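In case you want the letters, here they are:
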Amino acid sequence: MMNKVLVSVVEDDRSFRESMGRLMRALGYTVEIFSSATEFLASPRLAETACLIADINMPVMTGLELHRRLIDTDRAIPTILMTAFPNDVDRARALNDGVVCYLGKPVDEERLTQCVCAALRSGDPSEADS
């Protein structure tokens, strides 16, 4: 049947992180959750991640910095960024850097689902000119 793809969630707020994990599992994805960008970058599952969902405002390394680090090290992953404090500067920077979606919290589940589908399509080598 359908291959289970790995969605990684990086979020410093435990309840939100766990909630996102439950939602992604309910949608049929394999999910790994991480409490920080550093923890995600050290994960053996990094290379398997088909879609990254990350909070922007995290200590040590923000979601924007994580996305940029992945690009700079040739490990770009289709990324969705979320924030409780949306602003035009971060939105423009994120979208200019190739983020698939920039979402405000609380996250609309239908919009998030659309973003995950778009992220998975953007990372599909059969549809990309990698």
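Residues numbered from 1 in each chain as written. Predicted model: local features only at pLDDT ≥ 70, side-chain atom pairs only at ≥ 80, totals over all residues. Heavy atoms only, no water.

Taking an unreviewed UniProt entry as the reference, the protein chain is identified by name as Response regulator belonging to Mesorhizobium captivum.

Q: So what exactly am I meant to see when it comes to the UniProt feature "modified residue: 4-aspartylphosphate" (unreviewed entry) in the protein chain here?
A: Per the UniProt annotation, the sites labelled "modified residue: 4-aspartylphosphate" (unreviewed entry) are Asp-55. On the secondary structure map, Asp-55 appears in strand β3 (residues 49-55). By relative accessible area, Asp-55 is classed as buried at 4%. Look past the residues within four positions of Asp-55 in its chain and what remains in contact with it is Val-10, Glu-11, Asp-12, Thr-62, Gly-63, Met-82, Thr-83 and Lys-105. (UniProt positions renumbered as here; feature names shortened; annotations may be inferred. Helix = DSSP H or I, 4+ residues; strand = E, 2+ residues; numbered from the N terminus. Buried < 20%, exposed > 50% of the residue type's maximum accessible area, 1.4 Å probe, protein only. Contact = heavy atoms within 4.5 Å.)

Q: Before we go on, may I ask you to explain the pattern of salt bridges in this structure?
A: Pairs can form between side chains of opposite charge whenever their charged atoms are close. Across all of its chains, the model carries seven salt bridges by this definition. Its salt-bridge partner being Glu-18, residue Arg-14 comes within 3.6 Å of it at the nearest N-O pair. Of the two residues, Arg-14 and Glu-18 are both situated in helix α1 (residues 14-26); the distance of four residues between them amounts to about one turn of the helix. Overall, Glu-18 belongs to the partly exposed group, its relative accessible area being 31%. Put simply, Arg-45 and Glu-32 hold a salt bridge, and the shortest N to O gap is 2.7 Å. Here Arg-45 is found in the loop between α2 (37-41) and β3, whereas its partner Glu-32 is found in strand β2 (residues 30-34), with 13 residues between them in sequence. For Glu-32, a relative accessible area of 25% translates into the label partly exposed. (Salt bridge = Lys/Arg side-chain N within 4 Å of Asp/Glu carboxyl O.)

Q: Sorry, what's going on with the sheet that holds strand β1 (residues 6-10) here?
A: Adjacent strands of a sheet form backbone hydrogen bonds with each other and so pair up, either parallel or antiparallel. Sheet architecture is open: five strands sit in the order β2-β1-β3-β4-β5, paired in parallel fashion. Both outer strands of the open sheet, β2 and β5 (101-104), are each paired with one neighbouring strand and no more. Going across the sheet, the axis of each strand differs from the next one's by a mean of 20°, ignoring polarity. As paired elements, β3 and strand β4 (residues 79-83) share four bridges and run parallel to each other. Residue Asp-55 lies in a different strand from β4, and its bridge partner there is Met-82. Across the sheet, helix α5 (residues 109-122) lies against β3, β4 and β5, angled at about 140° from β3, the strand it touches most. (Pairing = 2+ DSSP bridges. Axes fitted to C-alpha atoms, helices over the stretch in contact; angles between N-to-C directions.)

Q: Sorry if this is basic, but what is going on with the state of the cysteines here?
A: Note on terminology: a disulfide is the covalent bond linking the sulfur atoms of two cysteines. Counted according to the given criterion, the structure contains one disulfide. The residue that forms a disulfide with Cys-101 is Cys-115, at a sulfur-sulfur distance of 2.2 Å. Given an S-S torsion of about -95°, the disulfide between Cys-101 and Cys-115 has left-handed geometry. Of this pair, Cys-101 sits in strand β5 while Cys-115 sits in helix α5, and the two are 14 residues apart along the sequence. Cys-101 sits in the buried class, given a relative accessible area of 5%. The cysteine Cys-51 is free of any disulfide, with Cys-115 supplying the nearest cysteine sulfur at 8.8 Å. For Cys-51, a relative accessible area of 0% gives the class buried. (Disulfide = S-S within 2.5 Å.)

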